[in-house]
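# Topology and contacts: notes
One-letter residues, chain by chain:
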Amino acid sequence: MKINKICINKNHISDLDFNYNYAFFLFRTPVTFRIDGEKITFKSTSAGIFSVNNIPEFFSANKTPIKFDYVSFQTTTIDKQYMDSMNLPINIPVPIFDDLIISNTLNSMKSEFSQKSKYYIEFMELSMRIIFISVCEMSVYEKKLSDIPHYNRLKAIRKAIIAEPMKQWSVDDICYNLNISRTYFHRLYREAFGITCIQDVIRNRINYACNLLKDTDLSVNEIAEKSGYDSDSYFMKQFRQCKNCTPSEYRRKKQDK
């Protein structure tokens, strides 16, 4: 399998590469597809694996800027046989009820794409298979997730955390609004998303900080504040725990690349 291009947080399709035979899209915002004259709308995260000649027209479903991740890839005969064996939904968009694994995989692929290490080809092939498996599992676990108490409200909370991780999130306030105990809330959140609420906030804050380090000239202190941290030292500690380097080292690595 050859990966042609990887894009993260795109908002339009005009400059995408079409030198491939398949593309994977992960839509992070509400989106409407126009397929065979009919409109299909997804109000939350969705995804699609499309052949090059069957990428549908798509646009925002709620008048806010659309946001999506994108991978174009060229398959071999063996890749195609593997995809067929999984009964992957090709040219059909599907809802994604938890994008944690797919998002993490895409971010890792983006990093590997720029480095092209010794095991680049194997890494990319295995990563795409993880994405294929995750897409297939979404339909299997749809009912299981919906059976979790308060799941829709938990999903809304998590979506808000991802959108604004810099806010001062209070577990006590969340539990009060849900009218459940802290212990029960933590169990439900982990059951639904495979991570605790506090860990989710930290992970998204650090990812937000990484984007600021890459895309702005703000100082580390300013980035710590914008990412929701009152203490620079605590920000530095959590950043190192998540990324195995300091914010300044992370910025230098990205600038060197």
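A brief structural summary. (Residues numbered from 1 in each chain as written. Predicted model: local features only at pLDDT ≥ 70, side-chain atom pairs only at ≥ 80, totals over all residues. Heavy atoms only, no water.)

### Notes on the state of the cysteines
Threshold: In what follows, a disulfide is any cysteine sulfur pair within 2.5 Å.
On inspection of all chains with the given rule, the structure shows zero disulfides. Here Cys197 is not cross-linked by a disulfide; its sulfur's nearest cysteine counterpart is in Cys175, at 8.4 Å. The structure places no disulfide on Cys245, whose sulfur is separated from the nearest cysteine sulfur, that of Cys210, by 7.5 Å.

### Section: the nonpolar core
The condition is simple: Here, the term nonpolar core denotes a set of buried Ala, Val, Leu, Ile, Met, Phe, Trp, Tyr and Cys residues that are joined through side-chain atoms within 4.5 Å. Any residue under 20% of the maximum accessible area for its type is buried, any over 50% is exposed, and the rest in between are partly exposed; the area is computed with a 1.4 Å probe on protein chains only. Helical segments are the DSSP runs of H or I of at least four residues, strand segments are the runs of E of at least two, and each set is numbered from the N terminus.
Ranked by internal contacts, the top residues of the largest apolar core, which has 45 residues, are Ile3, Phe24, Phe73, Met109, Met128, Phe132 and Phe185. The dominant element in this core, judged by the number of residues it contributes, is helix H3 (residues 120-146), at eight residues.

### Overview of the packing of aromatic side chains
Keep this limit in mind: Pairing of aromatic rings covers Phe, Tyr and Trp, the last counted by its six-membered ring, and requires centre-to-centre distances within 6.5 Å; plane angles under 30 degrees mean stacked, over 60 mean edge-to-face, and any other angle means tilted.
Under the defined criterion, the tally for this structure stands at 20 aromatic pairs. Aromatic side chains Tyr22 and Phe73 sit 5.9 Å apart centroid to centroid with 20 degrees between the ring planes, which places their arrangement in the stacked category. Here Tyr22 is found in strand E2 (residues 22-27), whereas its partner Phe73 is found in strand E7 (residues 68-74), with 51 residues between them in sequence. Across this residue pair, the class does not change: Tyr22 and Phe73 are buried. Measuring from ring centre to ring centre gives 6.1 Å for Phe73 and Phe132, while their planes differ by 50 degrees; the resulting arrangement is tilted. One end of the pair, Phe73, is in strand E7; the other, Phe132, is in helix H3, and 59 residues separate them in sequence. Accessibility classification places Phe73 together with Phe132 in one group, the buried group.

### Focus: the sheet that holds E2
For sheets, the rule is that strands pair by backbone hydrogen bonds, running either parallel or antiparallel. So the rule is basically this: Paired strands are those between which DSSP finds at least two bridges. Here a residue-residue contact requires only that any non-hydrogen atoms of the pair lie within 4.5 Å. Between N-to-C directions, angles cover 0 to 180 degrees, with each direction set by a line fitted to C-alpha atoms, over the stretch in contact for helices.
Read from one edge of the open sheet, five strands run E1-E7-E2-E5-E8, paired in antiparallel fashion. Only two strands of the sheet have a single partner each, and these edge strands are strand E1 (2-10) and strand E8 (94-95). Note that E1 and E7 share six bridges and pair antiparallel. Within the sheet, the bridge partner assigned to Lys5 lies in E7 and is Ser72. Docked against the sheet, helix H2 (residues 100-115) engages E1, E2 and E7, running at close to 120 degrees with respect to E1.

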